[in-house]
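# Reading the structure
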Amino acid sequence: GAVVSQHPSWVICKSGTSVKIECRSLDFQATTMFWYRQFPKQSLMLMATSNEGSKATYEQGVEKDKFLINHASLTLSTLTVTSAHPEDSSFYICSASAGVYGYTFGSGTRLTVV
Amino acid sequence: RKEVEQDPGPFNVPEGATVAFNCTYSNSASQSFFWYRQDCRKEPKLLMSVYSSGNEDGRFTAQLNRASQYISLLIRDSKLSDSATYLCVVPMEYGNKLVFGAGTILRVKS
């Protein structure tokens, strides 16, 4: 099956620092990667759509300068949370369309900003 | 109207019970639908895909009613391990973006 590897699984950082989250498609090429955020007891909310070799498309209300997305290759997309604040603490998860396997998700990154 | 709506529950049922969840969607042009299962602090995992009137896989049955724009998920003979949040997911017709329902919490108790 199609696997998306996401790292790190959890991270604690100080307010004002930046955190990079990586998602790699291990056995397929992901031309498009989706980045979601999930707050406690809420559903996944799409933040942005990342396309290989082009700029990401951000959903309304998501600051593109704060959440930097890079999709430099067909197997790697990164999300960098810049100048993190406690309100950015959340569960971040990526997803890619993997053909017949449907949409496959990374294992998620739990970010805690202190 | 929300794009995808679900009853948040929780549904508390005993082992062996049959339980059904409904999900309504707003985009009448949607062609495919998914039910995902999400365990606490984990990523969603695909449970079933629905492309036509329905789909069945073991104890799980998904049905689609296009006229009323809802999808249902039926779980028979509930197991303790079925306890999770069940997410109704509808791709948007443009850009392959997925819209998630808020999820329905199921708790199966012995």
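Residues numbered from 1 in each chain as written. Chains lettered and ligands numbered in written order. Predicted model: local features only at pLDDT ≥ 70, side-chain atom pairs only at ≥ 80, totals over all residues. Heavy atoms only, no water.

### Remarks on the overall build of chain B
Counting its regular elements, chain B contains zero helices and eleven strands. For chain B, the N- to C-terminal ordering of α and β elements is β-β-β-β-β-β-β-β-β-β-β. At 13 Å, chain B has a C-alpha radius of gyration in line with the 13 Å of a compact globule built from 110 residues. Expressed as a percentage of its 110 residues, the buried residues of chain B come to 46%. (Helix = DSSP H or I, 4+ residues; strand = E, 2+ residues; numbered from the N terminus. Rg over C-alpha atoms; globule rule 2.2 N^0.38 Å. Buried < 20%, exposed > 50% of the residue type's maximum accessible area, 1.4 Å probe, protein only.)

### Focus: the state of the cysteines
Summed over the entire model, instances satisfying the criterion amount to two disulfides over all chains. In this model Cys23 of chain A forms its disulfide with Cys94 of chain A; the gap between the sulfur atoms is 1.8 Å. Measuring handedness by torsion sign, the sulfur bridge of Cys23 of chain A and Cys94 of chain A sits at about -90 degrees and is left-handed. Linking Cys23 of chain A in strand 3 (residues 19–25) with Cys94 of chain A in strand 9 (residues 90–97), this pair joins segments that are 71 residues apart in sequence. Note on accessibility: Cys23 of chain A and Cys94 of chain A belong to one class, buried. Disulfide pairing places Cys23 of chain B opposite Cys88 of chain B at an S-S distance of 2.0 Å. Taking the sign of the S-S torsion, -75 degrees for the link of Cys23 of chain B and Cys88 of chain B, the bridge is left-handed. Of this pair, Cys23 of chain B sits in strand 3 (residues 19–25) while Cys88 of chain B is found in strand 9 (residues 84–91), placing the two residues 65 residues apart along the sequence. The closest cysteine sulfur to the non-disulfide-bonded Cys13 of chain A is located on Cys23 of chain A, 17 Å from its own sulfur. With no disulfide of its own, Cys40 of chain B lies closest to Cys94 of chain A among cysteine sulfurs, the gap being 19 Å. The exposed category is assigned to Cys40 of chain B, whose relative accessible area is 67%. (Disulfide = S-S within 2.5 Å.)

### As for the sheet that holds strand 1 (residues 4–7) of chain A
All names here are of chain A. Sheet architecture is open: four strands sit in the order 1-3-8-7, paired in antiparallel fashion. This sheet does not close on itself; its edge strands, each paired only once, are strand 1 and strand 7 (67–73). Averaged over all neighbouring strand pairs, the angle between strand axes comes to 15 degrees, with direction disregarded. Across five bridges, strand 7 lies against strand 8 (residues 76–81) in antiparallel orientation. Looking at the pairing, Leu68 lines up with Thr80 of strand 8. (Pairing = 2+ DSSP bridges. Axes fitted to C-alpha atoms, helices over the stretch in contact; angles between N-to-C directions.)

### Re the interface of chain A and chain B
Taken together, the contact pairs 16 residues of chain A with 17 residues of chain B. A buried area of about 1,300 Å², summed over both sides, lies between chain A and chain B, and 59% of it is on carbon and sulfur atoms. On the chain A side of the contact with chain B, Ser43, Tyr103 and Phe105 of chain A bury the most area, a combined 40% of that side's loss. Counting the contacts that link chain A with chain B gives zero salt bridges. Linking chain A to chain B there are three residue pairs in polar contact (both at pLDDT 80 or more). For the side of chain A that touches chain B, the secondary-structure elements that each account for two or more residues are strand 4 (32–38), strand 5 (45–51), strand 9 and strand 10 (103–105) of chain A. (Contact = heavy atoms within 4.5 Å. Buried area = accessible area lost by both parts, 1.4 Å probe. Salt bridge = Lys/Arg side-chain N within 4 Å of Asp/Glu carboxyl O. Polar contact = N/O pair within 3.5 Å; in protein donor to acceptor, adjacent residues only side chain to side chain.)

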